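These are the residues of each chain, in order.
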Amino acid sequence: MKLFDVYPLFDITPVKGQDCYVWDDQGTKYLDLYGGHAVISIGHSHPHYIQRISDQVNKIGFYSNSVQNPLQKELAEKLGEASEMPDYQLFLCNSGAEANENALKLASFKTGRSKIVAFEKGFHGRTSGAVAITDNPKIIAPFNADHQKEILSLNDLDSVEKVLSKKDVAAVIIEGIQGIGGIVVPDADFMEGLEKLCKQYGTLLILDEIQSGYGRSGKFFAFQYTNIKPDMVTMAKGMGNGFPVGGVLISPEIEASYGLLGTTFGGNHLACAASLAVLEVIKDEKLIANSFNQGKILKDQLIKINKFKEVRGVGLMIGAELNDQVSPIRMGLLRKNHIFTGVSGTNTMRLLPPLTLQGSHVDYFMSSLGEAMDSG
Ligand SMILES: Cc1ncc(COP(=O)(O)O)c(C=O)c1O
């Protein structure tokens, strides 16, 4: 049987990972500044993470959401503490798109409305509902949900008010920092105004922190640079450091009832063990502060070389935009210097390294980038 061929893949096969490095099947060592779309938060194959998952594998081979799983309660407890949102409720699922689907559904249940507001260049996943609110012409929507959505410009409160004032919008969904759209940080004033408008017109505010959450921005969630309290926060990616897990943090004002949401695998024992290990390592190794500090150093150095049109982002979520295509530079970095980077669109290099990044990695990247830019 052939694989359904939807991904343009590099001809590289990683077989081993450790911290910020991966090795391919030829023994070549790569510095990973992309972490599989921001998935690697605590570094590849962290020993505590491996231990936590291995212990769990040996303990239980059975799982169902029809019986108690104490790991879910432990995770909710530790997540409440780490995110400083202990009053929120946690619903566990398996991926980012699924987290958004559940948040959209809850918003619709709570408000009795079906319309969703999202933003230009936003990305929310690949399920039908998530695709319908994603602003990317390359991502094909499976059905026409246009009548249920409104895509607005980021940072434009007037157009938000025009739409919300009709009082038929269930939710506004916005990324804490736009990832695939080019690492764009919404203005804090806009976020605060958005929250106010949502409250005024009975619309729920969903923060998609699937890429920007779990310490990547230098705060636990990127929206925590502002003074808002979203109704829901969705997360995935860095939450499991590679293990597929997602979740929704749900305001205490939204009441749960049996059967409202559901999933077979969401919150299974292995996913909880992986997620707990991630939170424990983030805390023990002070990775949120490291993300903020190393991110600042990296961003300052990128700005200093004066070759980018714009350098955006905060913490270890950085976009460096050129006037031209970034692909020749990325390919030079990969083939010659063995560094993985990511891209947004055609001109923006997207850096999403593990939160364990150190100065020596930044130095190697910056000297390699200089070389790649001179010959790119
Ligand atoms: C902001 C954002 N939301 C949602 C998703 C979808 O997550 P998943 O691929 O886990 O379904 C992504 C994935 O890139 C994302 O970046």
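Rules used in this analysis
Sequence positions are assigned chain by chain, starting from 1 and proceeding in written order. Thresholds applied to this predicted model are a pLDDT of at least 70 for local features of residues and 80 or more for the giving and counting of side-chain atom pairs; totals over whole chains, interfaces and linings are not thresholded and use all residues. The basis for every side-chain value is the complete set of non-hydrogen atoms in the structure, without hydrogens or water. Where helices and strands are cited, they refer to DSSP runs of H or I of at least four residues and of E of at least two residues respectively, numbered from the N terminus. Burial classification: accessible surface area is computed with a 1.4 Å probe over protein chains only, and a residue below 20% of its type maximum counts as buried, one above 50% as exposed, and the rest as partly exposed. Note on contacts: a residue pair qualifies if any of its non-hydrogen atoms lie within 4.5 Å across the two residues. The Shrake-Rupley method, run with a 1.4 Å probe sphere, supplies the accessible areas, and residue values consider only the shown protein chains as cover. For this count, His and the chain ends are skipped, Lys and Arg are scored as positive, and Asp and Glu as negative. By convention, the point assigned to a charge is CZ for Arg, NZ for Lys, CD for Glu and CG for Asp. Note on definitions. A residue lies near a molecule or strand when any single heavy atom of the residue is within 4 Å of it. Residues adjacent in sequence count toward polar contacts only when both atoms are side-chain atoms; beyond that, a polar contact is any pair of N or O atoms within 3.5 Å, and within protein one must be able to donate a hydrogen and the other to accept it. Throughout this entry, Asp, Glu, Lys and Arg are counted as charged residues, while Ala, Val, Leu, Ile, Met, Phe, Trp, Tyr, Cys and Pro are counted as nonpolar. The remaining residues, Gly among them, count as polar. In summary, the pairing rule links any two rings of Phe, Tyr or Trp, Trp by its six-membered ring, whose centres are within 6.5 Å, and it sorts them by plane angle into stacked for under 30 degrees, edge-to-face for over 60 and tilted for everything else. One less than the number of residues in a helix, times 1.5 Å, gives the span that helix is expected to have. Here, strands pair whenever DSSP counts at least two bridges between them. Helix axes use the C-alpha atoms of the stretch in contact, all axes being lines fitted to C-alpha atoms, and the angles between their N-to-C directions lie in the range 0 to 180 degrees. An angle below 35 degrees is treated as roughly parallel, one above 145 as roughly antiparallel, one from 65 to 115 as roughly perpendicular, and anything else as oblique. Left-handed describes a crossing whose near helix is turned anticlockwise from the far helix through less than a right angle; right-handed describes the clockwise counterpart. An arc is given here, and it is the one of the directions from the helix axis to the C-beta atoms. Residues enter patches when their relative accessible area tops 30% and they take part in no salt bridge; the joining distance is 9 Å for like charges and 5 Å for the nonpolar side chains Val, Leu, Ile, Met, Phe, Trp and Tyr. Just to be clear on terms, a salt bridge is a Lys or Arg side-chain nitrogen sitting within 4 Å of an Asp or Glu carboxyl oxygen.

J.: Just to check I follow, could you spell out the overall build of the protein chain for this structure?
T.: A tally of regular secondary structure across the protein chain gives 11 helices and 15 strands. With respect to the principal axes defined by its C-alpha atoms, the protein chain has extents near 55 × 55 × 45 Å. Buried residues in the protein chain amount to 53% of all 376 residues. A separation of at least 24 residues holds for 73% of the contacts in the protein chain among residues at least 6 apart in sequence. Of the accessible surface of the protein chain, which amounts to about 17,800 Å², a share of 53% is contributed by carbon and sulfur atoms. In the protein chain, 36 side chains carry a positive charge and 42 a negative one; their mean positions are 1 Å apart.

J.: Could you clarify how one ought to interpret the site of the ligand in this entry?
T.: Taken together, 13 residues sit near the ligand, with Gly96, Ala97, Asp208, Gln211 and Lys237 positioned nearest. The backbone of Ala97 places a nitrogen or oxygen atom 2.8 Å from an oxygen atom of the ligand. For the ligand, a nitrogen atom lies 3.5 Å from a polar atom in the backbone of Phe123. Look at the ligand: alone it shows 400 Å² of surface, and the protein chains cover 81% of it. In terms of residues, the shell around the ligand owes the most to one element, helix H4 (residues 96–111), which gives three residues. Grouping the constituent residues of the shell around the ligand by class yields four nonpolar, six polar and three charged.

J.: When you look at the packing of aromatic side chains in this model, what are you seeing that I'm missing?
T.: Two descriptors summarise a pair of aromatic rings, namely the distance from one centre to the other and the angle between the planes of the rings. Across all of its chains, the model carries seven aromatic pairs by this definition. Plain terms: the ring middles of Tyr21 and Trp23 are 6.4 Å apart, the flat faces sit at 55° to each other, and that makes the pair tilted. Taking the centre distance of 5.6 Å and the plane angle of 85° together, the rings of Phe119 and Phe190 count as edge-to-face. Residue Phe119 is found in strand S5 (residues 115–119), and its partner Phe190 is found in helix H7 (residues 188–201); the two are separated by 71 residues along the sequence. Take Phe190: its relative accessible area is 3%, and that puts it in the buried class.

J.: Please explain helix H3 (residues 70–83) as it appears in this structure.
T.: Along an α-helix, a turn takes 3.6 residues, which lines up residues three or four apart on a common side. Along its 14 residues, H3 runs 20 Å from first to last C-alpha, staying within 8% of the 20 Å computed at 1.5 Å per residue. Elements in contact with the buried residues of H3: helix H2 (47–59), strand S4 (89–93), strand S9 (232–235), strand S10 (246–250) and helix H8 (269–284). For H3, the capping residue at the N-terminal end is Asn69, with a side-chain oxygen 2.9 Å from the backbone nitrogen of Leu71. Of the residues flanking the end of H3, it is Glu84, one or two places downstream, whose phi is positive at about 55°.

J.: Quick question: what am I supposed to make of the sheet that holds strand S1 (residues 14–18) here?
T.: The pairing of strands in a sheet happens through backbone hydrogen bonds and is either parallel or antiparallel. Read across the sheet, four strands follow the order S1-S2-S3-S13 without closing on themselves; strand pairing throughout is mixed. Two strands close off the open sheet at either side, each with one partner strand: S1 and strand S13 (339–340). Across four bridges, S1 lies against strand S2 (residues 21–24) in antiparallel orientation. Bridged to Lys16 within S2 is Trp23.

J.: Please clarify how the packing of helix H9 (residues 287–304) against helix H11 (residues 359–375) should be interpreted in this entry.
T.: When two helices pack together, their arrangement is given by the angle between the helix axes and the distance between those axes. Where H9 contacts H11, the two axes come as close as 10 Å, and the packing angle between them is 15°. Taken together, the axis directions place H9 and H11 in an arrangement best described as roughly parallel. Between H9 and H11 the crossing geometry is right-handed. Residues Gln294, Ile297, Leu298, Gln301 and Leu302 of H9 form the contact with H11, whose own contacting residues are Gly359, Val362, Asp363, Phe365, Met366 and Leu369.

J.: Got a minute to help me understand H9 in this structure?
T.: With 18 residues, H9 extends 25 Å from end C-alpha to end C-alpha; this agrees with the ideal 26 Å at 1.5 Å per step. Regarding H9, the residues found buried are Leu287, Asn290, Ser291, Gln294, Gly295, Leu298 and Leu302. Down the axis of H9, the sector holding all buried residues measures 120°, keeping them to one side. Residues of H9 that are buried in the fold lie against H8, strand S11 (310–314), strand S12 (317–321), strand S15 (348–351) and H11.

J.: I keep staring at a nonpolar patch on the surface and nothing clicks. Help me out?
T.: A contiguous nonpolar patch, built from Phe4, Val6, Tyr7 and Leu9 and spanning about 580 Å² of accessible area, is present on the exposed surface. If you trace the backbone, Val6 turns up in the segment before S1.

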